[in-house]
Amino acid sequence: MRAAICLALALIAVNAAVAADKLALRCETFTKILPEGPTGFRQAVLTWAAGYIYGRSGQTIDEVLAAAPANGPDWTFDTLTDHVVGFCAATPGAPLPAAIQDLWTRLNPAAVP
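Conventions we followed
- Residues numbered from 1 in each chain as written.
- Predicted model: local features only at pLDDT ≥ 70, side-chain atom pairs only at ≥ 80, totals over all residues.
- Heavy atoms only, no water.
- Core = buried A, V, L, I, M, F, W, Y, C linked by side-chain atoms within 4.5 Å.
- Buried < 20%, exposed > 50% of the residue type's maximum accessible area, 1.4 Å probe, protein only.
- Helix = DSSP H or I, 4+ residues; strand = E, 2+ residues; numbered from the N terminus.
- Contact = heavy atoms within 4.5 Å.
- Axes fitted to C-alpha atoms, helices over the stretch in contact; angles between N-to-C directions.
- Parallel < 35°, antiparallel > 145°, perpendicular 65-115°, else oblique.
- Left-handed = near helix turned anticlockwise from the far one by under 90°.
- Nonpolar A, V, L, I, M, F, W, Y, C, P; charged D, E, K, R; others polar.
- Disulfide = S-S within 2.5 Å.
- Expected span 1.5 Å × (residues − 1).
- Arc of directions from axis to C-beta.

Engineer: Hey, could you run me through the nonpolar core in this one?
Structural biologist: In globular proteins that are soluble, nonpolar side chains generally tend to be buried together. Counting 23 residues, the largest nonpolar core has Phe30, Leu80, Val84, Ala99 and Leu107 as the members making the most contacts within it. In terms of residue count, helix H6 (residues 96-107) provides more of this core than any other element does, six residues in total. The contact partners of leucine 107, leaving out residues within four places of it in the chain, are Ile53, Val64, Leu65, Ala68, Pro69, Trp75 and Leu80.

Written out as structure tokens, the structure reads:
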């Protein structure tokens, strides 16, 4: 009985992960709607990215930027959002969270496995 419950819970977790990926906004869609998006759309994406980064590190985006490698890019609002836009333009089939994950690896190279 325990094995059946464990299997059922594992299947639910796998299905939830697959469903979450299927529901994620795709880079192709993001790239298409960005120019026509509402005022503040880029800010909304960066705010979401800041939440992701906080979830991964426990630090605000300002704290992560302060600890970013000195020889890296000069991270500003524009360069942060341009990175997400550029990633999506280069990989239109990727989910938008992949662009944020890529940004995270650029900001915190030590976190890359």
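Engineer: Help me out: how do you make sense of the packing of helix H3 (residues 41-57) against H6 in this one?
Structural biologist: Relative orientation and spacing of two packed helices are given, respectively, by the angle between their axes and the distance between those axes. Contact geometry of H3 with H6 gives a least axis separation of 10 Å together with a crossing angle of 60 degrees. It follows from the interaxial angle that H3 and H6 lie oblique. For the element pair H3 and H6, the recorded crossing hand is right-handed. Each of Val45, Trp48, Ala49, Tyr52, Ile53, Arg56 and Ser57 in H3 lies in contact with H6, whose residues at this interface are Leu96, Pro97, Ile100, Gln101, Trp104 and Leu107. A breakdown of the residues in the contact of H3 with H6 according to their chemical character gives 10 nonpolar, two polar and one charged.

Engineer: I would appreciate a short explanation of the packing of H3 against helix H5 (residues 77-90) in the present structure.
Structural biologist: Relative to each other, H3 and H5 sit at 85 degrees, their axes nearing to 10 Å. Regarding the angle of H3 to H5, the classification is roughly perpendicular. Listed contacts from H5 to Arg42, Gln43, Val45 and Leu46 of H3 are Phe77, Asp78, Leu80, Thr81, Asp82, Val84 and Val85. Looking at side-chain class alone, the contact of H3 with H5 contains six nonpolar, two polar and three charged residues.

Engineer: Explain the state of the cysteines to me, please; I cannot follow it from the model alone.
Structural biologist: One way to say it: the disulfide is the covalent bond shared by the sulfur atoms of two cysteines. Following the criterion strictly, the structure yields one disulfide and no others. Linked covalently through their sulfurs, cysteine 27 and cysteine 88 form a disulfide whose S-S length is 2.3 Å. Between cysteine 27 and cysteine 88, the S-S torsion sits near -45 degrees, and that sign places the bridge as left-handed. Of this pair, cysteine 27 sits in helix H2 (residues 27-33) while cysteine 88 sits in helix H5, and the two are 61 residues apart along the sequence.

Engineer: Honestly, H3 in this entry has me stumped. Any pointers?
Structural biologist: Think of an α-helix as 3.6 residues a turn; residues three or four steps apart then line up on the same face. Taking 1.5 Å of rise per residue, the 17 residues of H3 would be expected to cover 24 Å, and the 24 Å separating its terminal C-alpha atoms lies within 8% of that figure. Among all positions of H3, only Phe41, Val45, Leu46, Ala49 and Ile53 are buried. Axial view of H3: buried residues confined to an arc of 135 degrees, hence all on one face. Buried positions along H3 lie against H2, helix H4 (61-67), H5 and H6. Of the residues flanking the end of H3, it is glycine 58, one or two places downstream, whose phi is positive at about 75 degrees.

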